[in-house]
Amino acid sequence: MSDSQPQQPSSSPRKGRGEGGGHGPQRPTGNANAAAAESTTLLLTGARLTDGRTVDVRLGGGRIQAVGTVGSLPAPALSRVDLGGYLLLPAPAEPHAHGDTALTADGEGPVSYTPDEVQRRATEAALLQLGHGATAVRSHVRIGDVHGLGPMEAVLQARRSLRGLTDLTTVAVPRLLTGVAGADGFAMLRDAVKMGASVIGGCPDLDPDPTGFLETVLELAAEHGCPVDLHTDGDDPGRLARLAAMAGGLRPGVTIGPCGGLSRLPLDVAHRAADQLAAAGVRVTCLPQGDCAALERRGLRTAPVRLLRAAGVRVAAGSGALRDAGNPVGRGDPLEAAFLLASQGGLRAAEAYASVSGEAREAMGLPEVRLEAGFPAELLAVRGDRISGVLSLAYSRIVIHRGRVVARTSAVREYCDSAVAVALDLPRQGRAEPGP
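Going along each chain's sequence as written, the residues are numbered from 1 onward. Given that this is a predicted model, residues contribute local features only at a pLDDT of at least 70 and side-chain atom pairs are listed and counted only at 80 or more, while totals for whole chains, interfaces and linings are drawn from all residues. Excluded from the side-chain calculations are hydrogens and water; all other atoms, namely the structure's heavy atoms, are used.

*Asks:* Kindly report on the sheet that holds strand S9 (residues 199–202), identifying the contributing residues and their values.
*Replies:* Two strands qualify as a pair provided that DSSP identifies no fewer than 2 bridges between them. Helix and strand labels come from DSSP, where a helix needs a run of H or I of at least four residues and a strand needs a run of E of at least two; each type is numbered from the N terminus. Judged by pairing direction, the sheet is parallel, and its 8 strands sit side by side in the order S6-S7-S8-S9-S10-S11-S12-S13 without closing on themselves. Looking along the sheet, the strands with just one partner apiece sit at the ends: strand S6 (94–97) and strand S13 (315–317). Averaged over all pairs of adjacent strands, the angle between their axes in this sheet comes to 25°, without regard to strand direction. Where strand S10 (residues 228–232) lies against strand S11 (residues 254–258), 5 bridges are found, and the strand directions are parallel. Bridging from a neighbouring strand, His231 pairs with Gly257 of S11. All axes here are fitted lines through C-alpha atoms, helices being fitted over the stretch that makes contact, and every angle between N-to-C directions spans 0 to 180 degrees.

In structure tokens, the structure reads:
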């Protein structure tokens with residue numbers, strides 16, 4: 001069986017503010033070729049679903065048009081992708097990236113923050129994550145200090161250039177917001193929102209007045225109708241209680257992470273904090289692959305995901321650092337984050353995958369994806385037949401964004417000419433027969 005060649009990725013500009021740009025399919029404007037690409041109908045044949053069925057799936061207009069038994073969706077003129085041997089899943093999303101600092105671990109000397117360099121890094125990082133399957137990325141971008149708003153403008157430019165391939169949105173991350181030193185940070189945060197940052201962030205732990213920092217962020221978010229996504233280690237139960245009390249009424253919501261410090265609190269204290277976060281509707285984004293450079297590395301423990309979920313906290317999983325100071329070998333792979341939650345975090349494979357797909361999309365304000373007619377065509381096909389196998393050996397992947405194939409990774413595993421390998425029929429990745 002040979003893997004079908006995907007359509008060639010091409011840019012597809014669209015309008016829309018905020019993450020996801022709304023809950024309906026967005027039609028690109030000003031580009032006839034991009035509009036034609038989004039209107040193309042695509043047939044995925046022979047795909048396996050997590051419930052064990054093998055189906056054909058027809059996509060069009062950026063959405064799933066129909067799901068039926070193999071051969072039941074006749075469409076001879078359609079573009080086709082043969083997904084025999086693949087498991088078809090809702091695509092992951094990346095809720096916690098750092099595009100401005102990504103891919104800087106191996107550089108010599110100070111990291112460059114010129115707009116061209118930041119844009120290049122942010123673009124390359126988003127494409128790497130897209131290749132892993134993430135069709136939407138939330139990038140936390142530092143503002144202020146000597147670099148001002150330059151990194152934000154650069155990442156916003158990367159966002160514009162990537163439209164049609166992946167949805168990249170930005171979180172404005174000021175360092176200080178209180179006192180005399182924080183006045184410039186507050187003014188710059190306002191400007192970042194006006195520029196197009198769709199989420200307000202920051203790290204209260206690093207401000208001399210963490211409570212004042214929270215008040216400032218929440219007031220500005222309420223004023224502009226923006227979600228909030230904050231960095232915190234979560235090792236201060238009093239601070240978490242104040243955050244929960246202050247954030248309870250904010251819509252469209254508050255997310256915090258990576259909260260590894262919760263794992264170091266006494267169990268009863270951690271339970272109480274989790275209950276308070278759940279009651280306030282505060283979400284948590286954990287980073288199973290390690291912390292990010294925005295926080296001091298106080299310990300590499302992941303947030304207590306099972307404890308939080310048991311309390312009713314909605315928990316998503318992100319990647320965090322992608323080969324920067326926070327993690328020089330970070331992969332930015334959502335499936336690795338899910339693998340770690342399943343292998344070390346005590347979650348079942350399906351729960352672990354949901355944390356990087358459905359839960360991540362919900363944390364980012366994106367519409368739900370199901371393998372049913374009418375839902376957005378944001379999909380990932382991975383060679384394998386069940387979730388546990390996919391998380392273990394996720395090599396070959398086909399990524400679908402807005403109803404068209406935008407990335408493909410094809411791995412081939414071969415064994416030497418051995419009677420033992422033949423007799424055992426050992427599993428292979430990639431093509432089972434020669435192909436171009």
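Further notes follow.
*Asks:* Residues and numbers for the packing of helix H5 (residues 210–224) against helix H6 (residues 237–247), please.
*Replies:* Any two packed helices are characterised by how steeply their axes cross, that is the angle between the axes, and by the distance between the axes. At a minimum axis distance of 11 Å, the contact between H5 and H6 shows a crossing angle of 20°. The angle between H5 and H6 places the two elements in the roughly parallel class. Judged by the sense of rotation from one axis to the other, the crossing of H5 with H6 is right-handed. From H5, Pro210, Thr211, Leu214, Glu215 and Leu218 reach across to H6, where they touch Arg239, Arg242, Leu243, Met246 and Ala247. In this count, Pro and Cys sit with the nonpolar residues alongside Ala, Val, Leu, Ile, Met, Phe, Trp and Tyr, while Asp, Glu, Lys and Arg are called charged and the others, Gly among them, polar. Of the residues assigned to the contact of H5 with H6, the class counts are 6 nonpolar, 1 polar and 3 charged. By the definition adopted for this analysis, an angle is roughly parallel if under 35 degrees, roughly antiparallel if over 145, roughly perpendicular if from 65 to 115, and oblique otherwise. Note on convention: near helix rotated counterclockwise from far helix by under a right angle means a left-handed crossing. Clockwise means right-handed. The contact rule is simple, with two residues in contact once any of their heavy atoms fall within 4.5 Å.

*Asks:* Go over the confidence of the model for the protein chain with me, naming the residues and quoting the values.
*Replies:* Summary of the metric used: pLDDT quantifies the predictor's per-residue confidence within the range 0 to 100. Of the residues in the protein chain, 85% reach a pLDDT of 70 or more, and the chain-wide mean stands at 87. Between residues 1–18, whose pLDDT stays under 50, and residues either more than four places distant or in other chains, the model counts 74 contacts. Predicted confidence for residues 20–34 stays below pLDDT 50, and this span has 32 contacts to residues more than four positions away or in other chains.

*Asks:* Summarise the side chain of Arg121; cite the residues concerned and give the values.
*Replies:* In this structure, Arg121 sits in helix H2 (residues 115–132). Think of it in three bands: residues with accessible area under 20% of the maximum for their type are buried, residues over 50% are exposed, and the middle band is partly exposed, with areas taken using a 1.4 Å probe on protein chains only. In this charge count, Lys and Arg are treated as positive and Asp and Glu as negative; neither His nor the chain ends contribute. Salt bridges are identified by distance alone: a Lys or Arg side-chain nitrogen within 4 Å of an Asp or Glu carboxyl oxygen. Among buried charged residues, Arg121 stands out as having no salt bridge; its nearest opposite-charge side chain is Glu117, 4.2 Å away. N or O atoms closer than or at 3.5 Å make up a polar contact, with two conditions inside protein: a donor-capable atom paired with an acceptor-capable one, and, for residues adjacent in sequence, both atoms drawn from side chains. Engagement of the side chain of Arg121 in a polar contact is seen with the backbone oxygen of Ser112, the distance being 2.8 Å. Residues contacting Arg121, with those up to four places away along its chain left out, are Gly99, Asp100, Thr101, Ala102, Leu103, Thr104, Val111, Ser112 and Tyr113.

*Asks:* Before we move on, could you go through the packing of aromatic side chains and cite the residues and values that matter?
*Replies:* Only the six-membered ring of Trp is used, alongside the rings of Phe and Tyr, when aromatic pairs are assigned; centres must lie within 6.5 Å, and planes under 30 degrees apart are stacked while those over 60 apart are edge-to-face, with the rest tilted. One pass over the full model with this rule turns up 0 aromatic pairs. The rule is short: NZ of Lys or CZ of Arg within 6 Å of the ring centre and within 35 degrees of the ring normal puts a charge over the ring. Positioned over the ring face of Tyr113 is Arg121, at 5.3 Å from the centre of the ring.

*Asks:* Kindly report on helix H3 (residues 150–162), identifying the contributing residues and their values.
*Replies:* To estimate the expected span of a helix, subtract one from its residue number and multiply by 1.5 Å. When the terminal C-alpha atoms of H3 are compared, their 19 Å separation across 13 residues agrees well with the 18 Å that a helix rising 1.5 Å per residue should span. Among all positions in H3, only Pro151, Met152, Ala154, Val155, Leu156, Ala158, Arg159 and Leu162 are buried. Just past H3, the residue Gly164 takes up positive phi, approximately 95°.

*Asks:* Would you mind going over the nonpolar core in detail, with residue names and values included?
*Replies:* Grouped together as the largest cluster of nonpolar side chains are 77 residues, with contacts concentrated most on Val254 and Ile256. Apart from the residues within four sequence positions on either side, Val254 is in contact with Leu218, Val228, Leu243, Ala247, Gly281, Val282 and Arg283. The next biggest cluster of nonpolar side chains, apart from the first, holds 20 residues, and it includes Leu44, Ala381, Ile398 and Ile400. We define a nonpolar core as any set of buried Ala, Val, Leu, Ile, Met, Phe, Trp, Tyr and Cys residues linked to one another through side-chain atoms lying within 4.5 Å.

*Asks:* Which residues make up the pattern of salt bridges, and what values go with them?
*Replies:* In the structure shown here, the tally under the stated rule is 19 salt bridges. In this structure, Asp205 and Arg239 form a salt bridge, with 3.2 Å as the shortest nitrogen-oxygen distance. You can see Asp205 sitting in the loop between S9 and H5 and its partner Arg239 sitting in helix H6, a full 34 residues away along the chain. Linking Arg397 and Asp333 is a salt bridge whose minimum nitrogen-to-oxygen distance equals 2.9 Å. In this pair, Arg397 sits in strand S15 (residues 397–401) while Asp333 sits in the loop between S13 and helix H9 (334–343), placing the two residues 64 residues apart along the sequence. Judged by its relative accessible area of 6%, Arg397 falls in the buried class. Using a relative accessible area of 7% as the deciding quantity, one classes Asp333 as buried. When salt bridges that share partners are traced, they join Arg283, Arg314, Glu359 and Glu362 into one network.

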